[in-house]
Every structure is written in structure tokens, then in C-alpha cells.
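# Summary of structural features
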Amino acid sequence: MLSIDNLHVSIEGKPILNGINLDVKAGEIHAIMGPNGSGKSTLSSVIAGNEDYEVTKGDIVFKNENIIELSAEERAHKGIFMSFQYPIEIPGVSVTNFIKTAINANLKARNESEMPANIMLKKIREKAELLGIDSKFLSRSLNEGFSGGEKKRNEIFQMAMLEPSLSILDETDSGLDIDALKVVANGVNKLKNKDNAVIVITHYQRLLDYIIPDFVHVLHEGKIVKSGDKSLAHELEEKGYDWIK
Amino acid sequence: MAYTEEDLKKELETKEYEYGFYTDIDSETFPVGLDESIVKAISKKKEEPEWMTEWRLEAYKVWKSMEEPDWANVKYQKPDFQAIAYYSAPTVIDPNKTLDDVDPDLLAMYKKLGISLDEQKKMNNVAMDIVVDSVSVATTFKKTLGEKGIIFMSISEAIKEHPELVKKYIGTVVPTTDNYYAALNSAVFSDGSFCYIPKGVRCPMELSTYFRINQAGTGQFERTLLIADKDSYVSYLEGCTAPSRDENQLHAAVVELVALDGSEIKYSTVQNWFPGNKNGKGGVFNFVTKRGICHTNSKISWTQVETGSAVTWKYPSCILKGDNSVGEFYSIAVTNNYQQADTGTKMIHLGKNTKSTIISKGISAGKSQNSYRGLVQINSRAENARNFSQCDSLLMGNKCGAHTFPYIEVKNKTAMVEHEASTSKIGEDQIFYCNQRGIDTEKAIALIVNGFSKEVLNKLPMEFAVEAQKLLEISLEGSVG
């Protein structure tokens, strides 16, 4: 589904990623771990199409198409979703209105007609129920005054609504207590199936107790220095990142 | 005998003839410049009674002794008042003109706003077929309003048909001496609307639908007088979301509202005059005086969406004279390119237990300057007066400005006055977040702006709100690179 080949990325002339290679197939969960400043969040932003970063070399192929030249919204239309580490606020725009706008924008980009309101509402109710989201929550302004847990749950709710092929969870565990973490992880597990893929980006192993990865990669100084199965995550937890350097 | 559709059809036909008559004597347009004889001539042309002529002359004298104010936070080349023609015949319908002759940009904008072909024709002085549908609608409206005793007509007609009402109220809320532009308007006002709602009557419709069908171009110096008698209610909509490219550069309107005991007036405006081009050339100067007086237990609510004009100078205000009266001001002001707006409100608390609410949303883009200027005045007799003000500014890009000038004067210890203000910027992170969800940048801005303006948009009547929302999007198109 996703194939990253020799990806080099800089920001303001400073190299951050130095030759990333990664293959993600449908049905797989990949975890990318690494110390602060290793380039984890850069990698997720670049896959999502953030233009603050400059790709100096390499390719990102998604569903057999090189997407390096595509804008962020075009990548979203093709089925790439990113759960933000710091979801932004949009005052006055309700969770419902935002997701409705997003879904219809995606349908329009695929030349499909807008989703009728009754079907939209039904879908919103279903997904909210699946993730244990209260209906009052849906009429609140997007991320405004949300707790850390609410923000992340809202990201997973949007993921559930948009049904992307590839979801990148950027440090979804940061700022969550253990209960909130379980709720979010549970949501991701419910949405996982054989046709979609997930990349979990995290500093700590604890999220991986709840979202079990098929592969774990360790990122250091902009390169994947070690790959393995889920036992690698435990090893890192025990020995720390110094062991890998 | 009942007034039928046929009668109206005939009336419309003869009116067209009248217009034709005016074209023939085109030389009757007044020479440029302003002096007493011009004021007299305007009054004569409109066949006004003597008291009205005297009133205009009085205003002219006052105007002559005044100076154009320059305290507002706007910069512009002051108009040459002796280079303006103060009377021109009603807009002429050109029978040879078709929509093909109209600027395609303008037509494209109409399409985006979903404005009907007939309305487009009307706005561009293109001859209209008599459409049975709209004729019958107009007739029904006339009948419904008439049955309730509601008077709704042009102010010129009202001066002739209801002189006692006009004489009693005109200039009582905005005196001729009020300010430079109000004095000028009082001397030379061209036309405008008059509305009277009798005691205890609830006006059964928004007074716009009628307005939009029946009112043609309103001219440069518009005068509106609206009186809600005891315990009555009216919702009045002014303006149109469609862009108006008026050739008159200076617009100085006066609106006076009188809310008698226990009545309620809701006054909504959408202003979309020509803002000038991208380089700041041309555009309308909009210097408006709008004020309402609230008697005991009455309420006046102003809602405005201001997106047009090169320079705007406008402060819809409430004098809360009666005890327990309520004043509200909800405003969205958008400036883009080189537009300048200095707008806000005055809430003058005179009566006991008076309450006012001010919600102002300023959106600046391009190289524009957007100022909120507001006065909350609690007088010594106004026991237990309450005010809440909230002024929010949203900036787009690095070259525009947002300014807030709140003035608060409190002379009574029991008053409670609250003021909140915020300034925010549409961030690239917000745009990226939307982009990542598949929403393109233009749509993302519209979403953010609508969210920002929601509290005010919610105050507009439903159909107007939808149009206003689209208008906000169009006004800000291309404002983020």
C-alpha cells in the first residue's frame, strides 16, 4: 500500500530524514519508535503532505502512485489520514459540521455526490457509539477546551468517519492517562481490518501493549536503524534508546 | 373596489412610461454643486409640503457651518461636495439592454450567490418581463400588510400621504445637527423607506421579501424612518447580498428607529457596495448614521454584515431612554484588499434596568484596516444598567490591521459593564489540519471564518444567513496565497 524509498527531507536547509525505506502492506500495523528529535513526527508530516518540509530525494508511493508532488488534500482524498499529535482548535465549528464538511469534500474530489444528511447523521451516531462518544460532544466547537483525551478521541472519531486506507497515528499516546489511552487504542483496534493499514508513531512502548504491531522500526538520526517484531519494543523499553545508538 | 393583479400590471406599465418620459427630459438633471436653491429645487421636484422644505433648508444651514470629521481610523481623499449632482431622475430602464451587456464578473458572482435572473435584471436596470408570479406575490404582500394597518412605502410617498407621522418623528432620533453627514443627508435626501407598525401588531413577514421585489435603486442619500408603536413587532431587512456597483462614490444614509413602549424592532443589514478593485482604486464611501430610541420595555436589535465599500463609517446605536429597555448590536465586518472600516455602536443607557449587548466580529485580509469603535455610556439615572461587549478580530496574512477602540463612561455605581476582546490569526496549522482531512484551502478559510462569525450569523433571519455565509466566502476569495 505504502512504499517509501530512500526518502531525504530537510527543513530550512537542515537535513532531518536521511534515507528512509519503509514498506507497509494492507492489513499491517507498523510502529515507528525513536528518541526525541529522531525525525518521527517529520516522517508523518511528510507522508501527509505538509509543505513546510522539503523532500530533497526519494519517493513516496501510495497505492502504486508516486504522491510526492500531491498536495495534502489530494493525499487525503486518496485515503491517507493522520491523527495529529496536537490537534488544532477551530472555534465556532462543531465536531459534526467539521466532519460533514470533510466527508463531502472527499466525496466531491472523487466525483461522487454529497452524503445525504440522514445517512450522515446515522453514520455519525454509529461511529460515536462505537467509540463511546457522547452526543453532546459532537456539537462542541472542534477541539476548543477539549481535554487531552477528548482531543485524541476526536481524532480517532474522524478516522472512523473518513475510513482511510492508511492511518498515521502521530504520538497519539502523548498527554493521555492510562484510561484514555485504552479508550483510544480500543477504537483503533475496532477500526482495523485486513484492507487498511496503520502506522503508529510513539516514543514509548506502553501504547503498543494495546495496539499490537506486526512490525517495529527504530528511527535514529533520520534513519531506520533497526526493524523487528513487537518484541523489539519491549527490548527498547528495557534497555533504552542508547542501546540502539 | 379591490386592487387586483390586473391593476398592478397596469400600474407597472404606466410606470415604465413615466420612466420613458424622464429619459426625454434628461436635461432636467440638476447641475453639480450644492446651495440653497438646489435644496429648494429637490424639495419642489418631490412636491414636498413647505414644512419639509424648511426642514431641509435648516439642515443645509447647519451643514454649511460644520466641518467634515476626521477622527475615524480611515484615510481617504475627501469628496468635493461641490462636484456632486444632488438630484437625478430615477434609474432608467434601457429597453435595448440585455444581460449580455452586463459585466461577466458580476454575473459570475450573482451565480455564486444564487440570485434569480429576474433579480439580476432588476439590479442592472435591464427591462423585465412582467412575471405573473412576482406580481401576485407583491399583491398578496400589499394586501396582508394593509389588513394589519402597516404602512410601508417610500419616504417621499409618506411625506405626502402621512405627513403627521413623518413630521412627528423625522429628526427626533438623528437631529439635523447630529453630525456632518447626517446634516447633509437631511438637506438633500433622495428617497428611502418609511414604515409604521400600529399598536399591538406583529408584522407577519420579514420586510425584505417585499422590499427586494418592489424597491429599485435607493440612491445616494437614503433616508429611512421606522416607527414601532406600542407593543408591536417588526423585523426589517435592508440591503442585498448581491454586489452593487453604484456610480455614486459617496453614500450618506440616515436611519432612524423609534421603538415605543413594549415594542421590538429587529433591523438586519447586509452591505455589499463596490469595495474598489484589488489595487484600492474606486469603491464607495459609506458614511452612515443609524440610531434607534427605545422607550419603556422596548427592544432594538441591530444586526449587520458589512463586506462592501472602500471606506465605511458606521455606528448603529441605541438610546435606551425607557426603563427596562434593551439594545443589541451584532456585527460582522469584513475588509479585504485596501478596504477600510471604522464601525461599531453606541449604547446610551438613560433608563433604569436597561440592558445592552454588543458582539462585534472583525475580519481583516489583504492590506485592509478594520476598526471597532464603540461607546457604552451609563448615565447617572440609569440604576442597575448592564452591558456586555465582546469584540473579536480575525486576521489573515501579515499586511492587514485590526483595531479596537472601546469607550466606557459610567456615572452610576450600580452599573455592571463587561468587555471582552480577542485577536486571532488564521494559522497555517489550522489550514494544514483541514487540508489533511481533504478540505481545500479556500473551503478551510470559509469554514474558519464562518465559525468565527457564527454568533452573529445566527442572529440573521434564516434565508439571509445562508446568503450572508456565501457572501463572506466570496469576499475573502483569494485572500490567502
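Residues numbered from 1 in each chain as written. Chains lettered and ligands numbered in written order. Predicted model: local features only at pLDDT ≥ 70, side-chain atom pairs only at ≥ 80, totals over all residues.

## Quick look at the sheet that holds strand S4 (residues 233–239) of chain B
Residues and elements named next belong to chain B. Test applied: When DSSP finds at least two bridges between two strands, those strands are taken to pair. A helix here means a DSSP run of H or I that spans at least four residues, while a strand means a run of E at least two residues long, and both kinds are numbered starting from the N terminus. Note on method: axes are straight lines fitted to C-alpha atoms, helices fitted across the in-contact stretch only, with angles between N-to-C directions ranging 0 to 180 degrees.
One open sheet accounts for seven strands, arranged S4-S7-S9-S12-S14-S16-S18; its pairing is parallel. Each end of this open sheet is capped by a strand with a single partner; those strands are S4 and strand S18 (416–425). Strand-to-strand twist of the sheet, defined as the mean angle between neighbouring strand axes without regard to direction, takes the value 5 degrees. Examined bridge by bridge, S4 and strand S7 (residues 264–271) share seven bridges and lie parallel to one another. Across the sheet, the residue bridging to Glu-238 is Thr-269, located in S7.

## Side note on the interface of chain B and chain A
Quick reminder of the rule: Each residue is represented by a C-beta atom placed from its backbone, and any two residues with such atoms within 7 Å are regarded as in contact. Gly falls in the polar group here, along with every residue not listed as nonpolar (Ala, Val, Leu, Ile, Met, Phe, Trp, Tyr, Cys, Pro) or charged (Asp, Glu, Lys, Arg).
Every contact between the two is made by 16 residues of chain B and, on the other side, 20 residues of chain A. Going through the elements one at a time, helix H11 (428–436) and helix H12 (441–457) of chain B are the ones with two or more residues in the side of chain B that touches chain A. Across the side of chain B that touches chain A, the residue classes break down as six nonpolar, five polar and five charged.

## Thoughts on the confidence of the model for chain B
Residue and element names in this part refer to chain B. Heads up, the condition is: Summary of the metric used: pLDDT quantifies the predictor's per-residue confidence within the range 0 to 100.
The pLDDT averaged across chain B works out to 81; a share of 78% of its residues lies at or above 70. Confidence over residues 8–27 falls short of pLDDT 50; this stretch has 14 contacts with residues more than four positions distant or in other chains. Within the model, pLDDT remains below 50 along residues 125–137, and this stretch shows 25 contacts once partners closer than five positions in the same chain are excluded. The complex model carries a pTM of 0.82, and its ipTM stands at 0.95.

## Topic: helix H3 (residues 50–64) of chain B
Residues and elements named next belong to chain B. Rules: Multiplying one less than the number of residues by 1.5 Å gives the expected span of a helix. Each residue is classed by its C-beta neighbour count within 10 Å, where at least 20 other C-beta atoms makes it buried, 12 or fewer makes it exposed, and intermediate counts make it partly exposed; the C-beta atoms are placed from backbone geometry. The arc in question is traced by the directions running from the helix axis to the C-beta atoms.
In a regular helix each residue adds 1.5 Å, so 15 residues correspond to 21 Å; H3 covers 21 Å between its end C-alpha atoms and thus fits that length. What H3 keeps buried is the set Trp-55, Arg-56, Ala-59, Tyr-60 and Trp-63. When H3 is viewed along its axis, its buried side chains cluster within an angular range of 140 degrees and face the same direction. Residues of H3 that are exposed and point over 90 degrees away from its buried face: Glu-50, Trp-51 and Glu-54. On its buried side, H3 packs onto helix H2 (36–45) and helix H9 (180–188).

## Quick look at the pairing of strand S4 (residues 54–62) of chain A
Residue and element names in this part refer to chain A. Looking at chain direction, strand S1 (residues 2–11) and S4 are connected through seven bridges and run antiparallel. Note on S4: the bridge partner recorded for Ser-3 is Val-61. Pairing analysis gives two bridges linking S4 to strand S5 (residues 65–66), with the strands arranged antiparallel. Of the residues in S5, the one forming a bridge with Val-61 is Asn-66. Where S4 folds back on S5, the antiparallel hairpin that results is connected by two residues, among which Lys-63 adopts a positive phi of roughly 50 degrees.

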